[in-house]
Amino acid sequence: MFDDLLRELRRLEKPQQIRVPLSSDHEGYLDRECPSPECLFQFKVHEDDWREKVRDEEVFCPFCGHTADSGKWLTQEQLAHAKQAAIAHIKGRIGTAMKRDADGWNRRQPRNSFIRITMDVKSRPQPVLVPAAAAEAMRLKIRCPACACRYAVIGAAFFCPSCGYNSAELMFSQSIAAIRSALNALGVIRAAISDRDTAETTVRLVIENGLQSAVTTFQRYAEALYARRPSAPAARRNAFQNLSEGSELWHPAFGKEYSDHLDSGELAVLTRIFQQRHLLAHRQGLVDEDYIKRSGDTFYRIGQRLVVRETAVRECLVLIEKLAAGLADDARRTPGF
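Residues numbered from 1 in each chain as written. Predicted model: local features only at pLDDT ≥ 70, side-chain atom pairs only at ≥ 80, totals over all residues. Heavy atoms only, no water.

Visitor: Account for helix H4 (residues 168-184), naming residues and giving values.
Guide: Spanning 17 residues, H4 covers 24 Å between terminal C-alpha atoms, matching the ideal 24 Å at 1.5 Å per step. Within H4, burial applies to Ala168, Met171, Phe172, Gln174, Ser175, Ile176, Ala178, Ile179, Ala182 and Leu183. Looking at the buried positions of H4, the neighbouring elements they touch are strand S5 (140-143), strand S6 (150-153), helix H5 (186-192), helix H6 (196-227) and helix H10 (310-333). (Helix = DSSP H or I, 4+ residues; strand = E, 2+ residues; numbered from the N terminus. Expected span 1.5 Å × (residues − 1). Buried < 20%, exposed > 50% of the residue type's maximum accessible area, 1.4 Å probe, protein only. Contact = heavy atoms within 4.5 Å.)

Structure (structure tokens):
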């Protein structure tokens, strides 16, 4: 009686391939996500360049530089959409098989019999699955100066997804500009979200992300300048996230310290901000004894949660730009650089 259904179930036991088209946004950019579980950075690549410039065997994360083949860069939203599409496809095939069985059974029933048993398969109409919605157009659009690949990010970016090229000066200036653009949009975010609590939570996350991106942007810029000095000893990973350690590395390589570019008050402010980035990244913003000791910030007690203000992030950007300009000048003045 259920011959078609049983045959269909046997066919479904074998691996199935289902094409699920993914749409680009209104400007032709595809959403991508870094597959590294430590990163998961979301960005966009122009659809034409993803097809024509990006190599299948190697794609670079613009933020962390992680590499993987081109099939590994779907966003979580795109994966969820593909899963829904697969489930809908299987439900449709099973429903169609059951209807064929029911139709066959009903045709075999005698028309003039006193008792006549028929089957009717009820199913809801299968919705047309809209491709995963593209995220809001990214604020910072970049064209790689090496391969001309077009990509877009929110916040900081350091590597071209197509060729991995890293232009330290270009990425630094564009990343700082992107952070400022995000801060400038806080009023729009508040106005666009009707629920006040949700709006303030979103604003807080944008501000905190701006602080973290600012520190990372400086770190990557300092690393790139330092790496151009062949005689300099190798720096440990993330050394330039620490101002004291970074300055100690910089002095023997370029003959200057961070204190040559920022006064003691400015260094104290930036030190506190760099330590706040560490708390946000590793302790969900909860203050510990190590933070108070390293930052000199006595405003908080252990166990309190950081409150990061927009003004603090803007001050951070000004100081980072000032220090970065000094480091760039050190590099230019160094013989053989």
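Now that the structure has been shown, the text picks up again.
Visitor: Tell me about unusual backbone geometry, and name the residues and values.
Guide: Positive phi outside glycine occurs at Leu40, with the angle close to 60 degrees. With respect to the element layout, Leu40 can be found in the loop between strand S1 (29-33) and strand S2 (42-46). Assessed through its relative accessible area of 42%, Leu40 is described here as partly exposed. Positive phi outside glycine occurs at Asn238, with the angle close to 65 degrees. Tracing the backbone through its elements, the reader meets Asn238 in the loop between H6 and helix H7 (243-254).

Visitor: Outline the pairing of S5, listing residues and values.
Guide: With burial as the criterion, only one face of S5 is covered, namely that bearing Leu140 and Ile142; the residues Lys141 and Arg143 on the opposite face remain uncovered. As defined by bridge partners, S5 adjoins S6 across four bridges and the pair is classed as antiparallel. Among the inter-strand pairings, Arg143 is bridged to a residue of S6, identified as Arg150. Here S5 folds back onto S6 in antiparallel fashion, the turn holding six residues, of which Ala148 has a positive phi close to 70 degrees. (Pairing = 2+ DSSP bridges.)

These figures come from the coordinates and say nothing about function on their own.
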